[in-house]
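Structural overview for review
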Amino acid sequence: MGDHPLNPVRLRLTMALADAYSLLDRDGVTVAPPTAAASDAELGLVHREDYIAAVKAAPDDPFFRGYGLNTPDNPTFDGMHEASALIAGATLTAARAVWAGEQRRAVNIAGGLHHAMHARAAGFCVYNDPAIAIKDLLERGAERIAYVDIDVHHGDGVQAAFIDDPRVLTISLHESPLSLFPGTGFPDETGVDGTAVNVALPTGTDDRGWLRAFHAVVPSLVRAFRPQILFTQCGADPHRLDPLANLRLSVDGQRAAYLALRDLAEELCEGRWVATGGGGYALVEAVPRAWTHLIAAITGEPLDPARLIPAEWKDLAAELCPQRMAMPRMTDDADLAYRAWDPDGDPSPLDRAILATRKAVFPLHGLDPFDPRD
């Protein structure tokens, strides 16, 4: 996996940075080792039986073809099923703990593998852990779940899993499918009763534009839907240094998004929030800082962006990724002062994208797409 973009070193560096700031030692925080892999029956909540069998068999056959496996995006490797099932099991553990009231919030940064389909691996994803966990909560009695995906890529696998299920609201903010994989996520993909929502952002959208789009779409729809629990995919690849995409966010903008999501969970779901990681390929420069801010938001007080990066963490990053450069602080010193969306303003490409989403789905939720108060 060393040459693959989804290098697990990003997870090690994130946990090391969170540990350096003592976030894992905060009162009430439980670090649960990922020991319980998802069973075939649990994987089968989303994935077809023959696909699961193929995932198990593919590493033993160098000529295996089919199901999206043994491709450049999804190469086979020894223990592929076991590792992928373990990630799904960790997200299941997190979601069940929150739903049962054992924890108010939980996060699995290794999760968020949102491109995996019913019977196909895609986009570095083998098993779709968010969809599996959401299906599991529905079986446990949940009636309304909101899923918000802020990865730079469209959350196509989760949308596909619930496109006909009015109990799950899926919202994805992503770079336009005209310029980025997977080529889906247009505003007119609305699902049943408008429960699939897509905000297709123009290439080059920065913090202020992204936050304008988020606040023009997400809070109103989530409030109208009245979820019992908020589930989020927090891919770090919208960052401006990410090598695989073209948005221009900073870690400051990503931190602001996490805090806005936490506020929605507090307002609407009695604090119930399950977060996962997702994409993110600036392995040292962006991902560990972004997800350490996410862990801070999950575990208690937000982390001060002005904090210096600890020297011992820089040494670890230099050892593991000698070609990468660590940033000096937990901030990119970004300006987050965004202009609120206004239907009467100059129609920039971003504002046209916002209006396209609002026109497609707001009326289906009893909201006025032209009223900025909605």
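Residues numbered from 1 in each chain as written. Predicted model: local features only at pLDDT ≥ 70, side-chain atom pairs only at ≥ 80, totals over all residues. Heavy atoms only, no water.

**Looking at the nonpolar core**
Quick reminder of the rule: Nonpolar core, defined: a set of buried Ala, Val, Leu, Ile, Met, Phe, Trp, Tyr and Cys residues in which side-chain atoms within 4.5 Å join the residues together. Accessible area is worked out with a 1.4 Å probe on protein chains only. A residue is then buried under 20% of its type maximum, exposed over 50%, and partly exposed in between. Counting from the N terminus, the helices are DSSP H or I runs at least four residues long and the strands are E runs at least two residues long. Two residues qualify as a contact provided that any one of their heavy atoms is within 4.5 Å of a heavy atom in the partner residue.
Of all hydrophobic cores here, the largest spans 69 residues; its most connected members are V148, I150, I171, L173, W210 and W273. It is helix 7 (residues 207-225) that contributes the most residues to this core, 10 residues altogether. Non-local contacts of I171, meaning those with residues more than four positions away in its chain, are made with Y147, V148, D149, V197, V218, L221 and V222. Counting 37 residues, the second-largest nonpolar core is a separate cluster that includes A94, A106, I132 and V168.

**Some points on the pattern of salt bridges**
Going by this rule: Each salt bridge in this description consists of a side-chain nitrogen of Lys or Arg and a carboxyl oxygen of Asp or Glu lying within 4 Å of one another.
Going through the model one piece at a time under the given rule, you end up with 17 salt bridges. For R104, the salt bridge goes to E266, with nearest N and O atoms at 2.7 Å. A residue pair is termed long-range when its members are at least 10 positions apart, and R104 in the loop between helix 4 (80-99) and strand 1 (105-108) and E266 in helix 8 (residues 251-268) qualify at 162 residues. Since its relative accessible area comes to 33%, E266 is described here as partly exposed. Residue R339 is joined to D351 by a salt bridge in which the shortest nitrogen-to-oxygen separation is 3.1 Å. Here R339 is found in the loop between helix 10 (311-320) and helix 11 (349-361), whereas its partner D351 is found in helix 11, with 12 residues between them in sequence. The class of R339 is partly exposed, set by a relative accessible area of 43%.

**Some remarks on the pairing of strand 3 (residues 168-175)**
As a reminder of what qualifies: In this analysis, strands are considered paired if DSSP registers two or more bridges between them. Here is how to tell: hold the view so the strands point away, follow the path from the first strand over the helix to the second, and if it runs clockwise the crossover is right-handed.
For strand 3, the buried fraction is high: eight of the eight residues fall into the buried class. Relative to strand 3, strand 2 (residues 145-149) runs parallel, the two being bridged by five bridges. Note that in strand 3 the partner of D149 across the bridge is S172. With helix 6 (residues 156-162) bridging strand 2 and its parallel neighbour strand 3, the resulting β-α-β unit is right-handed. With six bridges joining them, strand 3 and strand 4 (residues 196-201) adopt parallel strand pairing. Within the sheet, the bridge partner assigned to L173 lies in strand 4 and is V199.

**Brief notes about the sheet that holds strand 2**
The criterion, for reference: Helix axes are fitted to C-alpha atoms over the stretch in contact, other axes to C-alpha atoms as well, and angles between N-to-C directions run from 0 to 180 degrees.
In space, the six strands of this open sheet follow the order 1-6-5-2-3-4, with parallel pairing throughout. Since the sheet does not close on itself, it has two edges, and those belong to strand 1 and strand 4, each with one partner. The average angle at which neighbouring strand axes cross in this sheet is 10°, direction not considered. In the packing of helix 8 onto the sheet, the strands contacted are strand 1, strand 2, strand 5 (229-233) and strand 6 (273-276), and the crossing angle to strand 6 comes to about 155°.

Read these as geometric descriptors, not functional statements.
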